[in-house]
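Structural characterization, general
What follows is the residue order along each chain.
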Amino acid sequence: MRYDVVVIGSGFGGLICAQLLSRAGKRVLVVERQSQPGGCLQSYQRDGMAFDTGFHYVGGLGDGQRLHRIFSHLGLMRLPWHRLDADGFDQVTIGHHTYAFAEGYSRFVDTLATSFPDEREALQRYVRMLQQSEQVPFGSSDVYQFYGMNAYHYLKNTFKDPLLINVLSGTSLKMELRRETLPFFTFAHGNSSYIQSSWRLKGSGSLIVRALTDEIRANGGEIVTQTEVEELLERNGRLAAVRCRDGRVYEGLLFISDIHPVQTFEMVRESALLKGIFRRRIHAMENSFGMFTASLVLKPEMLRYFNHNKFVYLKPNVWTFHEDLGGVGGVMVSCRVPEEGDYARQVDLLTPMPWDYCKRWEQTVVNRRGEDYVAMKEMVAGKCIRLAEQVIPGLSGMIEKCYTSTPLTYRDYNRTPNGSAYGVRKDCRNLLMTMLSPRTPIPGLLLTGQNVMLHGLEGVAMTALQTCAEVLGNEYVEKIFKE
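What you are looking at is a predicted structure, and each value in this text was computed from that prediction instead of being measured.

Looking at the secondary structure, you find Gly95 in the loop between β7 (90–94) and β8 (97–101). Take Gly95: its relative accessible area is 21%, and that puts it in the partly exposed class. Expressed as a C-alpha distance, the spacing of Gly95 and Leu314, which sit 219 residues apart in the sequence, is 5.4 Å.

This part is about the pairing of β8. Bridge count between β7 and β8: 5 bridges; the pairing is antiparallel. The partner of Thr93 across the bridge, within β8, is Thr98. As consecutive antiparallel partners, β7 and β8 are separated by 2 residues, and within that stretch Gly95 has a phi angle of approximately 65°, a positive value.

Let's shift gears to the environment of Gly220. Among the secondary structure elements, Gly220 is positioned in the loop between α10 (206–218) and β10 (222–224). Judged by relative accessible area, Gly220 falls into the partly exposed class, the value being 42%. Sequence separation between Gly220 and His260 is 40 residues; the distance between their C-alpha atoms is 27 Å.

Turning next to the sheet that holds strand β17 (residues 346–353). Pairing within the open sheet is mixed, and its 7 strands lie in the order β8-β7-β15-β16-β17-β14-β18. The open sheet is flanked by β8 and β18 (399–405), the only strands paired with a single partner. Averaged over all neighbouring strand pairs, the angle between strand axes comes to 20°, with direction disregarded. The sheet contact formed by strand β16 (residues 330–335) and β17 spans 4 bridges and is antiparallel. Looking across to β17, one finds that Ser334 is bridged to Asp348.

This next bit is on unusual backbone geometry. Within the chain, Gln226 stands out as a residue other than glycine whose phi angle is a positive 50°. As for its placement among the helices and strands, Gln226 is situated in the loop between β10 and β11 (229–235). On the basis of relative accessible area, Gln226 is assigned to the exposed category, the value being 62%. Here Glu301, not a glycine, exhibits a phi torsion of approximately 55°, which is positive.

Our focus in this paragraph is the nonpolar core. Counting residues in each nonpolar core, the largest one holds 115 residues, and the members touching the most others are Tyr126, Phe187 and Leu349. Element by element, the count of residues in this core is highest for helix α13 (residues 371–388), at 8 residues. Core analysis: the next-biggest nonpolar cluster, separate from the first, contains 43 residues, Leu79, Trp199, Ile208 and Ile223 among them.

What follows concerns the pattern of salt bridges. For the structure on display, the rule yields 29 salt bridges. As a salt-bridge pair, Glu230 and Arg245 come within 3.2 Å of each other at their nearest N and O atoms. Taken together, the residues Glu230 in strand β11 and Arg245 in the loop between β12 (238–244) and β13 (249–257) connect sequence positions 15 residues apart. Look at Glu230 and you get buried, because its relative accessible area is 18%.

What counts and what doesn't
Residues numbered from 1 in each chain as written. Predicted model: local features only at pLDDT ≥ 70, side-chain atom pairs only at ≥ 80, totals over all residues. Heavy atoms only, no water. Helix = DSSP H or I, 4+ residues; strand = E, 2+ residues; numbered from the N terminus. Buried < 20%, exposed > 50% of the residue type's maximum accessible area, 1.4 Å probe, protein only. Pairing = 2+ DSSP bridges. Axes fitted to C-alpha atoms, helices over the stretch in contact; angles between N-to-C directions. Core = buried A, V, L, I, M, F, W, Y, C linked by side-chain atoms within 4.5 Å. Salt bridge = Lys/Arg side-chain N within 4 Å of Asp/Glu carboxyl O.

See below:
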């Protein structure tokens, strides 16, 4: 059967493309190797509880804000979104001091200026720069002005107090902080929308997946799971079909890959269109580090729900703590909104885990990694819990069960190279080598997802719109933002 659009992979970006293109009247097929769609938005079940794999909170869902417009168009604002505390949606603890991030740019400045009065003017310049980055049309050439700016250098040149630099960077476990490479545009988009407004779902990320897949099917689209694409087939100077591991072949007029670029182009085995220099460029791309997660189930009525995220650091070394492979120097503490009542039952602890930490087990598969791997996970989970106890005293005594995952988990379930949490590492020093366009050298093949432009729900949503604009035109995307 021949389709208008075949989407390879069903992460958030792939599902957005499938939903929008099927709504536009295209005959769409989504092909997913896992048993359920969703990528890192999937949740898993343990003892009747749902646990998220990659989604914890999102910014910019207030009326008139950018992600609100996108999510309204996608039908996602109907979900049970829960707004975090306006007085401190994020709280950063460094040593024995805690600093609150308040909602709204002016309140954000006023709150931090109480601790850093000499930096008020610098904080005002900082939020003006965040606002400017938000206003730049995504996909325009002006974006590269912010991408070419080094985030760490900008902070060093703007603020005199090194502690404030660490505080402002302290909520950035939702990106890879690297002093040499991180573009300011990535840093700005990982912080700005959350200052506008921050939200959690009352429920798991699978609610987002279900909303998108239901509409895809309602629009006549098809989703096949447990079907792995093995080869991309060219004919007459363009991509024409995909061949799956089970032997099925799906033909299409257009193909959108939501999987990693390395894996995408490795499936193009015979090509008259891909040059060796392009293949070498793709293989030379580095991946951002992965995450270790300890998902805690708490005993009933032990911990009251807290309506913010806690970021805890042993020392003011937010940009470098992950380089110490022997310890846990920082952790994000995220609390699931209770289904009922005031007490939390689920808390996630997250900390960066570079691939070098997992390398000795890279030839293993899930549930067959050995006792030393289990011991390593228990050790890291224990360190995360002890660090979190700085802001939640007695946490270890509240725990009923603990489930853990490492970058190896993400690699094996989602085929993410090195278990990368944020996709391809963008390098402000070498944008041409690390930035990808939705377009590829092969006519009929487009890219989407976190490896292209930006990661996170907002970044992936905006990238997916750019991918769809290649099919439906820029006017289509502009209309969404004007709605």
